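Chain residues, written in single-letter form:
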Amino acid sequence: MEDLRLAEKKARDCLAVDKYNVEASETLANIAQFLPIAESAPIYEQLLSTFPTVAKFWKQYVEAQMAMNNDDAVKHIFSRCLLNCLQIALWRCYIRFIRKVNEKKGAEGQEETRKAFDFMLSYVGTDISSGPVWMEYITFLKSIPAVTAQDESQRMTAIRKAYQRAIVTPIHHVEQLWRDYESFENSVSQALAKGLLSEYQPKYNSARAVYRERKKYVDEIDWNMIAVPPSGSCKEEQQCMAWKRLLTFEKTNPQRIDVASSNRRVAFTYEQCLMYLYHYPDIWYDYATWHARSGSMDAAIKVFQRALKALPESEVLCYAYAELEESHGEIQAAKKVYENLLANSETATALSHIQFIRFLRRTEGIEAARKYFVDALMVPSK
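Here goes a summary of the coordinates provided. No experiment lies behind these values; they were computed from the predicted model shown. All residue numbers refer to position in the chain's written sequence, counted from 1. Note on the predicted model: pLDDT of at least 70 is required for a residue's local features to be given, and 80 or more for side-chain atom pairs to be given and counted; whole-chain, interface and lining totals, by contrast, use all residues. The basis for the side-chain values is all heavy atoms of the structure; hydrogens and waters are excluded.

### Thoughts on the overall build of the protein chain
So the rule is basically this: Only DSSP runs of H or I covering at least 4 residues are called helices, and only runs of E covering at least 2 are called strands; the numbering of each starts at the N terminus. Throughout this description, buried means an accessible area under 20% of the type-specific maximum (1.4 Å probe, protein chains only), exposed means over 50%, and partly exposed covers the range between. Throughout, a contact is declared for two residues whenever any of their heavy atoms are within 4.5 Å. Computed with a 1.4 Å probe, the accessible areas rest on the Shrake-Rupley method; for each residue, only the protein chains presented here act as cover. By the counting rule applied here, Lys and Arg register as positive and Asp and Glu as negative, while His and the ends of each chain are not counted. Charge positions come from single atoms, namely NZ of Lys, CZ of Arg, CG of Asp or CD of Glu.
Counting secondary structure elements, the protein chain contains 19 helices and zero strands. With the C-alpha coordinates aligned to their principal axes, the bounding extent of the protein chain is approximately 85 × 60 × 40 Å. Buried positions account for 44% of the 382 residues belonging to the protein chain. Long-range pairs, those at least 24 residues apart, make up 55% of the contacts in the protein chain with a sequence separation of at least 6. Working note: accessible area of the protein chain is about 20100 Å², and carbon and sulfur atoms make up 54% of it. In the protein chain, the 49 positive side-chain charges and the 49 negative ones have mean positions that sit 4 Å from each other.

Right under this line is the structure:
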């Protein structure tokens, strides 16, 4: 225990100098696993305030609470991290928890578990590593007891739909899922199977072909990378380019699926990218402008708002967000973005004043711009 305390002190000293020190952060996270929850929880909170998108830290934290059966704490942690950390291991941890708390609740518990699976698959079902989740879901559906003929019919329909969603998704286990689907349909009705399998074979073939292409891009990504401000290293640049290549690939809609489904895949890829490139303004900017070009103005605004929360000192993101609001007539919202930027002495640069003056001239006229310019000159520089 004494060695543990010394290692903890050393890690904390390193983080006092540089809070983004990855090695010290991982050391502290490892130490937390050996401490009582009352001592480890503040460590996890400290780490996650600096690294809000590091799924493995969230997973360790929530598993520590699960081990103590602190169900309310577990639910609260999941509510904070799931939608911002689209990572399979973390989401499978969520399903384990849901299954555990519902295992003795009979039909009601089974329905809650089914809803949780659907919720999970709606967010991470297109992840290239989601194959085992689809398999677990299908196994769960098969395990639900059917009392009446109607129950059995509904269960078979649910299993069939799950298989049919999985086999058209370009994921690691798509070939195994197709073989399992063939077996399932043939076990139900060989006559019906022939028609269904011939209908889905081309869709499966397309998913398998896209998977092989997709895998080439995914394999270039370091999934253990921790999001820190860019330092200009060669590895960081390589990872940034690898993500951009994957995003470009997904935007081509290689599987020729419907636009809404394709857009969901692109948005999912951006969300995963931001888990690792959280401190890169250009990724946030690209994501927001992609939404805007796709006609999703509300989504674009939400991305800019998240971006400014992540990187409040980024002038470029402020200007881009203000421009977006102004471009669709939300003048007061745009003005508020500039005012927030200028209210912070850390971000109120000469350029930000100039940009605001230009904005005032466009939206309120030359007199408003001139007045602000004169007032700004009267404020003593620090």
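### Concerning the layout of surface pockets
The method is simple in principle: a probe with the dimensions of a water molecule rolls over the atoms, and the space it marks as empty is what remains. The criterion, for reference: With a 1 Å grid spanning the protein atoms alone, the term cavity applies to any set of points in which a 1.4 Å probe fits but cannot get out, the term pocket to an open set with protein on both sides within 12 Å along at least five of seven lines, and the term lining residue to any residue with an atom within 4 Å of a point. Grid points are joined across faces, edges and corners, and a volume is the space filled by probe spheres set on the points. By the convention adopted, Pro, Cys, Tyr, Trp, Phe, Met, Ile, Leu, Val and Ala count as nonpolar, Lys, Arg, Asp and Glu as charged, and the other residues, Gly among them, as polar.
Roughly 920 Å³ of internal volume is contained in the largest pocket. Counting residues per element, the lining of the largest pocket draws most heavily on helix α13 (residues 259-276), which supplies seven residues. Around the second largest pocket, the lining comprises 20 residues; the ones closest to its centre are P52, T53, N84, Y278 and K309. Of all the elements in the fold, those that place two or more residues in the lining of the second largest pocket are α3 (37-50), α13 and α15 (297-310). Broken down by element, the lining of the second largest pocket gets its largest block of residues, four residues, from α3. When the residues that make up the lining of the second largest pocket are grouped by side-chain class, the tally is nine nonpolar, five polar and six charged.

### So, helix α2 (residues 22-32)
Rules: Directions drawn from the helix axis to the C-beta atoms are what define this arc. Any N or O atom pair separated by 3.5 Å or less is treated as a polar contact, with the protein-specific requirement of one donor-capable and one acceptor-capable atom, and with residues adjacent in sequence counted only for side-chain atom pairs.
For α2, every residue scored as buried is listed here: A24, S25, L28, A29, I31 and A32. One face of α2 carries all of its buried residues, which in axial projection span an arc of 160°. Those residues of α2 hidden inside the fold are in contact with α1 (2-17), α3 and α4 (55-67). Taking the backbone nitrogen of E23 as reference, a side-chain oxygen 3.2 Å away marks N21 as the first, capping residue of α2.

### A word on the side chain of D127
Using the following cut-off: In the sections that follow, a salt bridge refers to a side-chain nitrogen of Lys or Arg positioned within 4 Å of a carboxyl oxygen of Asp or Glu.
Mapped onto the secondary structure, D127 falls in the loop between α7 (106-124) and α8 (131-143). Buried charge D127 goes without a salt bridge, the closest partner of opposite sign being R214 at 7.0 Å. The residues touching D127, leaving out its near neighbours within four places in the chain, are L86, I88, I171, F268 and Q272.

### Considerations on the nonpolar core
Rule in force here: Buried Ala, Val, Leu, Ile, Met, Phe, Trp, Tyr and Cys residues form a nonpolar core when they are joined through side-chain atoms within 4.5 Å.
If you look at the biggest cluster of nonpolar residues, it comprises 121 residues, and the most contacted ones within it are F57, F78, L90, Y94, Y181, L277 and W284. Beyond its immediate chain neighbours, meaning those up to four positions away, L277 contacts M225, C240, W243 and I283.

### Here's the deal with the pattern of salt bridges
Between side chains of opposite charge, a pair can form as their charged atoms come close. Counted under the stated rule, the structure contains 28 salt bridges. Here E8 and R5 are joined by a salt bridge, their closest N and O atoms 3.2 Å apart. Residue E8 and its partner R5 are located together in helix α1, separated by three residues, close to a single helical turn. Between R80 and E45 there is a salt bridge, with the nearest N and O atoms lying 2.9 Å from each other. Here the residue R80 occupies a position in helix α5 (residues 71-81), and E45 occupies one in helix α3, the gap between them amounting to 35 residues. Each of the salt bridges in this network shares a partner with another, and the network as a whole consists of R5, E8, R12 and E39.

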